[in-house]
Amino acid sequence: MYRSHTCGELRLADNQKEVTLSGWVQTIRKFGSISFVDLRDRYGITQLLFSENHHPQLEANPLGREFVLQVKGIVNERSNKNPQLPTGDIEIAVSSFSILNKSAVPPFTIQDDTDGGDDLRMKYRYLDLRRNAVKKNLEIRYSVNRSARNYLHENNFMDIETPFLIKSTPEGARDFVVPSRMNAGQFYALPQSPQTFKQLLMVSGYDRYYQIVKCFRDEDLRADRQPEFTQIDCEMSFVEQEDILQMFEGLVKRIFKDVKNIDYTEIVQRMTWEEAMWNYGNDKPDIRFNMQVCNLKFPAHTFPTKESLSALIEGVAFPVFDNAETVVAIAVPGCSEYSRKQTDELTEWVKRPQIGMKGLAFIKCNADGSFKSSMDKFYSEEKLKAMAAAAGAKPGDLVLLLAGAEERTRKAISDLRLYLAQTLGLRKNDEFKLLWVIDFPLFEYDEEGNRWVARHHPFTSPKPDQIATMINNNPAIENAAEYLKHPYASIKANAYDMVLNGNEIGGGSIRIFQRELQEKMFAALGMDAEEQQHKFGFLLGAFEYGAPPHGGIAFGFDRLCALLGGSEGIRDFIAFPKNNSGRDVMLDAPSTIDDKQFEELQIKLNLK
Ligand code: ASP
């Protein structure tokens, strides 16, 4: 028997018991002829007391960090207790031990605050995983997994595996491809998601499906993306959007309860995509804080139903605003006393290429009711007051204004809002705010191809009352500059995203389930009948055999775990992640393959 207890288990109540423990040497502290050793396993750390008088072999063969030991001994009350450790009241007086395995000196310290840099930790990920900080993250991951499974099982969902070697799926990224030896010259694609399979399962009658499943997307890895990642992928039959929203906010609330012991009793707020863009400049707003965008000027066709406030800024010759397509503002609470240096820093911040603004205007709403602005020369105090009021500013607030082209300016104000909230400590890791964003546009304009692409994916159904707009209008875009005026630009989808603290954690849609409408959708995306048949003939065929109405959603499992763990980085919540260039530095993958493998695959490299 290697152990009677784990290293996290023994307490004062076990005093004088004879026990056997196995684990790794975390630290060794020598005091004359006695040594204290912290022995570590997955469950914790227990202090061992070695006396060289009893163990003369220690002198010739000293213990080292990360050695694997088995020790037998007696549990004793410690004279010097350590309240930080659950086992801190006791220690083991070692009577005998054996070294089960030695260890080379690890390349970094196996501690919470390790001295190992990122690359080193990834190269020796198996050592990094011994660190408590990483272990805790994997424990969170496992409890999210268990909680989701329990909830879905209790709600009659069935976990059904779907294949990895498939044909291209259209989630909008590039496919990873796998050559087939048995079908030389032909390739499988790895699934970007199990989308078409879960829809086929609905046709087969498995009305509630789920899978915690790997997805593969060959994307340029922007910060914090992984080429393979995990989704909680779900699909349901005989449902409307409302059924899905209810079921899956239930799932997330259950995960909050099981993993964080949070009773999320609040009603999950809902916001249309248009409201999100209008009020936050962003389709995944962080609603832990307010600071909503005030729209002083915008092109009429972007928000046809919204009223312009442009009268507030017009009438004086201020070319920055007069020449801009869009002018937006936010009121930053309590910052009216920002110094010149601070406003200059903010100006530099918005001028960085990632944000791309030409400048930043401000109005300081002084506590005494007066106003001071970078635009004093142009606007009367009355006008400044009106602008500040429109932005919702109170005395003591700082109003920041941006002007420029619509899309860029809207994104910039959204980024600025998040940046300031971060600076002001309004984005707290332990506060959780869920939000449904609904009514997304069905199509997105692809500038390069001057055509429409599916904003979610091509299986998403239009809002029922807008199907006619899709069917009765020609998708061709005559005037690229005015694409927003095309009837397709305003068609909304039965699609929804779940947002947590400004992060999209899940997204899905009600699907098209009639062959005819699906064909029309493919055609709207520029696919002729032949291409439709080649790519999705199986799905169109299945829709002829009694496809039920259905819809679903997929959650980004890695991100959900990271957010619950108080981090925005997903890498440390994945046991063996890739780096930002998509490499596994531990395996040194991707790598070349043997000549023999190329031969068998009948593939010749033609590297450029
Ligand atoms: N397959 C979709 C995705 O990966 C999710 C869904 O529509 O259910 O984004």
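Quick note: structure is the one above.
These numbers were taken from a predicted model, which means no experiment stands behind them.

Q: Help me understand the site of the ligand, please; the structure alone is not making it clear to me.
A: Inspection of the region around the ligand gives 14 residues, with Gln 195, Lys 198, Gln 231, His 456 and Arg 511 positioned closest. Between the ligand and Gln 231, the relevant distance is 2.9 Å, taken from an oxygen atom to a side-chain nitrogen or oxygen of the residue. Put simply, the parts of the chain that give the shell around the ligand at least two residues each are helix H5 (195-203), strand S21 (503-510) and strand S22 (550-556). Here the shell around the ligand takes three residues from S22, the largest share from any one element. Grouping the amino acids of the shell around the ligand by side-chain chemistry returns two nonpolar, eight polar and four charged.

Q: Would you take a moment to explain the sheet that holds strand S2 (residues 34-41) for this structure?
A: The pairing of strands in a sheet happens through backbone hydrogen bonds and is either parallel or antiparallel. Strand order in this closed barrel of five strands is S1-S2-S3-S5-S4, and the pairing throughout is mixed. On average, each strand axis in the sheet is tilted by 55° relative to the strand beside it, whichever way the strands run. As paired strands, strand S1 (residues 18-31) and S2 are joined by seven bridges and run antiparallel to one another. When the bridges of S2 are listed, Arg 29 appears paired with Phe 36.

Q: Can you walk me through the side chain of Asp 233 in this structure?
A: Secondary-structure assignment places Asp 233 in strand S10 (residues 228-237). Within the structure, Asp 233 has its side chain in polar contact with the side chain of Lys 198 (distance 2.7 Å). Sequence-distant contacts of Asp 233, defined by excluding residues within four places in its chain, comprise Pro 194, Lys 198, Tyr 209, Tyr 210, Gln 211, Val 213, Ile 553 and Ala 554.

Q: Looking at this model, I keep getting lost on the pairing of strand S20 (residues 495-500). Mind explaining?
A: When a strand is regular, its side chains alternate between the sheet's two faces. Here S20 lies mainly inside the structure; six of its six residues are buried. Where burial is concerned, the two faces of S20 agree: the one with Ala 495, Asp 497 and Val 499 and the one with Tyr 496, Met 498 and Leu 500 are both buried. As paired strands, strand S17 (residues 434-438) and S20 are joined by five bridges and run antiparallel to one another. Directly across from Trp 436, in S20, lies its bridge partner Met 498. Here six bridges tie S20 to S21, and the two strands are oriented antiparallel to one another. Bridge pairing in S21 places Leu 500 opposite Asn 503. Turn length for the S20-S21 hairpin, with the two strands adjacent in sequence and antiparallel, is two residues, and the turn residue Asn 501 shows positive phi of about 50°.

Q: Whenever I open this one, the pattern of salt bridges confuses me. Can you help?
A: Opposite charge on two side chains lets them pair, provided their charged atoms get close. If you walk through the whole model with that rule in mind, you get 47 salt bridges. Asp 128 is the salt-bridge partner of Arg 131, the closest N and O atoms lying 2.7 Å from each other. Residues participating in the shared-partner salt-bridge network are Asp 118, Arg 121, Arg 125, Asp 128, Arg 131, Arg 571 and Asp 572.

Q: Got a minute to help me understand helix H7 (residues 273-280) in this structure?
A: The α-helix advances 3.6 residues per turn, and as a result positions three or four apart in sequence lie on the same side. Here H7 lies mainly inside the structure; six of its eight residues are buried. Summarising the contacts, the buried residues of H7 are in contact with strand S11 (269-272), strand S12 (294-297), helix H11 (406-423) and S17.

Q: Any chance you could explain the side chain of Asn 279 here in plain terms?
A: Residue position: Asn 279 is located in helix H7. Residue contacts for Asn 279: discarding those within four places in its chain leaves Gln 292 and Val 293.

Q: Sorry if this is basic, but what is going on with the sheet that holds S17 here?
A: Taken together, eight strands build an open sheet; the order of strands is S6-S9-S10-S22-S21-S20-S17-S11 and the sheet is mixed. This sheet does not close on itself; its edge strands, each paired only once, are strand S6 (158-159) and S11. Judged from the five bridges that link them, S21 and S22 form a sheet pairing that is antiparallel. Paired with Ser 509 across the two strands is Gly 552, which belongs to S22. On the sheet, helix H6 (residues 241-260) packs against strand S9 (208-216), S10, S11, S17, S20, S21 and S22 and is oriented at approximately 20° with respect to S20. Contacting S11 and S17, H7 crosses the sheet at an angle of about 90° to S11.

Basis of the calculations
Residues numbered from 1 in each chain as written. Predicted model: local features only at pLDDT ≥ 70, side-chain atom pairs only at ≥ 80, totals over all residues. Heavy atoms only, no water. Near = heavy atom within 4 Å. Polar contact = N/O pair within 3.5 Å; in protein donor to acceptor, adjacent residues only side chain to side chain. Helix = DSSP H or I, 4+ residues; strand = E, 2+ residues; numbered from the N terminus. Nonpolar A, V, L, I, M, F, W, Y, C, P; charged D, E, K, R; others polar. Pairing = 2+ DSSP bridges. Axes fitted to C-alpha atoms, helices over the stretch in contact; angles between N-to-C directions. Contact = heavy atoms within 4.5 Å. Buried < 20%, exposed > 50% of the residue type's maximum accessible area, 1.4 Å probe, protein only. Salt bridge = Lys/Arg side-chain N within 4 Å of Asp/Glu carboxyl O.

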